[in-house]
Amino acid sequence: MTTPTFKTFLITGVSSGLGRAFAEGALHAGHRVIGTVRRAADAEAFAALAPDRAHPLVLDVTDFDAIPVAVTAAERQVGIIDVLVNNAGYGHEGVLEESSIDDLHRQFSANVFGPVAMMKAVLPGMRERRRGRIINVTSMGGFITMPGISFYCGSKFALEGISEALGKELASFGIRVTALAPGQFRTDWAGRSMDRTPRTIGDYDAVMDPIRAARHAKSGNQPGDPAKAAQALLALVESANPPVRLFLGDDALDLVEQKLEAMKVELGAWDTLSRSTSFGCDRGATRSA
Ligand code: NAP
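Since the structure is predicted, the reported quantities are computational estimates derived from the model, not experimental observations. (Residues numbered from 1 in each chain as written. Predicted model: local features only at pLDDT ≥ 70, side-chain atom pairs only at ≥ 80, totals over all residues. Heavy atoms only, no water.)

(A) Local environment of the overall build of the protein chain. Within the protein chain one finds 9 helices and 9 strands. The C-alpha radius of gyration of the protein chain comes to 21 Å, within 12% of the 19 Å expected for a compact globule of 289 residues. With the principal axes as the frame, the protein chain shows a C-alpha extent of 65 × 50 × 40 Å. Across the 289 residues of the protein chain, 45% fall into the buried class. Of all intrachain contacts in the protein chain linking residues separated by at least 6 positions in sequence, the fraction that spans at least 24 positions is 69%. For the protein chain, the computed accessible surface area is about 14,700 Å², with 56% contributed by carbon and sulfur atoms. Separation between the mean location of the 31 positive side-chain charges and that of the 33 negative ones in the protein chain comes to 6 Å. (Helix = DSSP H or I, 4+ residues; strand = E, 2+ residues; numbered from the N terminus. Rg over C-alpha atoms; globule rule 2.2 N^0.38 Å. Buried < 20%, exposed > 50% of the residue type's maximum accessible area, 1.4 Å probe, protein only. Contact = heavy atoms within 4.5 Å. Areas by Shrake-Rupley, 256 points an atom, 1.4 Å probe, with all protein chains shown as cover. Lys, Arg positive; Asp, Glu negative; His and termini not counted. Charge placed at Lys NZ, Arg CZ, Asp CG, Glu CD.)

(B) Structural detail: the packing of helix H1 (residues 17-28) against helix H7 (residues 226-238). Running from amino to carboxyl end, H1 crosses H7 at an angle of 55 degrees, the nearest separation of the two axes being 8 Å. Relative to H7, H1 is oriented oblique. Relative to H7, the crossing made by H1 is right-handed. Facing H1, whose interface residues are Gly17, Leu18, Ala21, Phe22, Gly25 and Ala26, H7 presents Pro226, Ala227, Ala229, Ala230, Leu233 and Leu234. Looking at side-chain class alone, the contact of H1 with H7 contains 10 nonpolar, 2 polar and no charged residues. (Axes fitted to C-alpha atoms, helices over the stretch in contact; angles between N-to-C directions. Parallel < 35°, antiparallel > 145°, perpendicular 65-115°, else oblique. Left-handed = near helix turned anticlockwise from the far one by under 90°. Nonpolar A, V, L, I, M, F, W, Y, C, P; charged D, E, K, R; others polar.)

(C) Examining the site of the ligand more closely. Neighbouring the ligand are 29 residues; Ser15, Arg39, Tyr152, Thr187 and Ser193 lie closest to it. Interatomic distance of 2.9 Å between a side-chain N/O atom of Asp60 and a nitrogen atom of the ligand. In the environment of the ligand, an oxygen atom lies 2.6 Å from a nitrogen or oxygen atom belonging to the side chain of Thr187. Out of a free accessible area of 880 Å², the ligand has 96% covered by protein chains. Mapping the ligand onto the cavity grids shows that it belongs to the largest pocket. Counting residues per element, the ones that place at least two in the shell around the ligand are H1 and helix H5 (150-170). (Near = heavy atom within 4 Å. Polar contact = N/O pair within 3.5 Å; in protein donor to acceptor, adjacent residues only side chain to side chain. 1 Å grid on protein atoms, 1.4 Å probe; cavity = no way out; pocket = protein on both sides within 12 Å on 5 of 7 lines; lining within 4 Å. Sits in = over half its atoms within 2 Å of the grid points.)

Keep in mind these values describe shape, not function.
Below, the structure written as structure tokens:
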């Protein structure tokens, strides 16, 4: 029988939802968790989960200067970080034309720049030790897209791309990176956490109003169970050969498979034009289908 190895996790956004469930799952399995929150009351509630192993860290992931200082202090106080889970993030809902560049900046600050700053803070230690796990919580919206959340999808596509490329940079150091892409899970994501840009352009009513209404109605009734996502996260961490990305939920898998199929058809339909652009190629820029 092998003795379980208890690890130190750093999980961002443990006040609710997936982050809270990930932290509870890891604590229940005997691990130590440094969990970031933004409010003192959330810090107290988190510490109360396991007073000797749940260590709250008050941190906004968009405070990029504070991140390395906070991570160094937490490592000194609690111990070296074996697993970083970049979970904190939120959804912006709004038609692109109605949404501001500030909305886009905020979305990317929380969902892309913050996670990158967190990775940069833990990487020197992981690289020195030649081991470590980084799990970036992306979304099925980082692979498939839906109208009305273009900024959110863009941020999650960005984090997917960064994760995949970073995994290649780190492979020889024994550090593994996985993008964990949930479908719809029952959390505060579509409720109190969502940033909704007010509707102003009537032309979009037919597309956007039903989507916004459906998302409101679905909030609290999503099929995904955060506690089960936490078990998947633990399995990922224990795996000797973790995947580059892992989708969670029937909805995510079904939509991803549909997209892959559609991409394959589209690639084939435009194959000749795609291949017509090299020097010396005389296949002609005409559509093949
Ligand atoms: P949630 O219940 O709203 O939890 C979001 C967490 O992120 C909260 O702890 C929140 O803290 C924290 N957070 C947000 N912005 C932050 C910032 N700037 N700095 C620090 N913490 C911040 O929603 P969730 O569904 O669990 O979301 C967790 C992750 O899963 C997100 O990255 C989300 O995009 C992703 N995701 C969710 C779903 C889903 O269906 N639920 C699907 C795909 C992906 P506060 O309490 O302080 O606001």
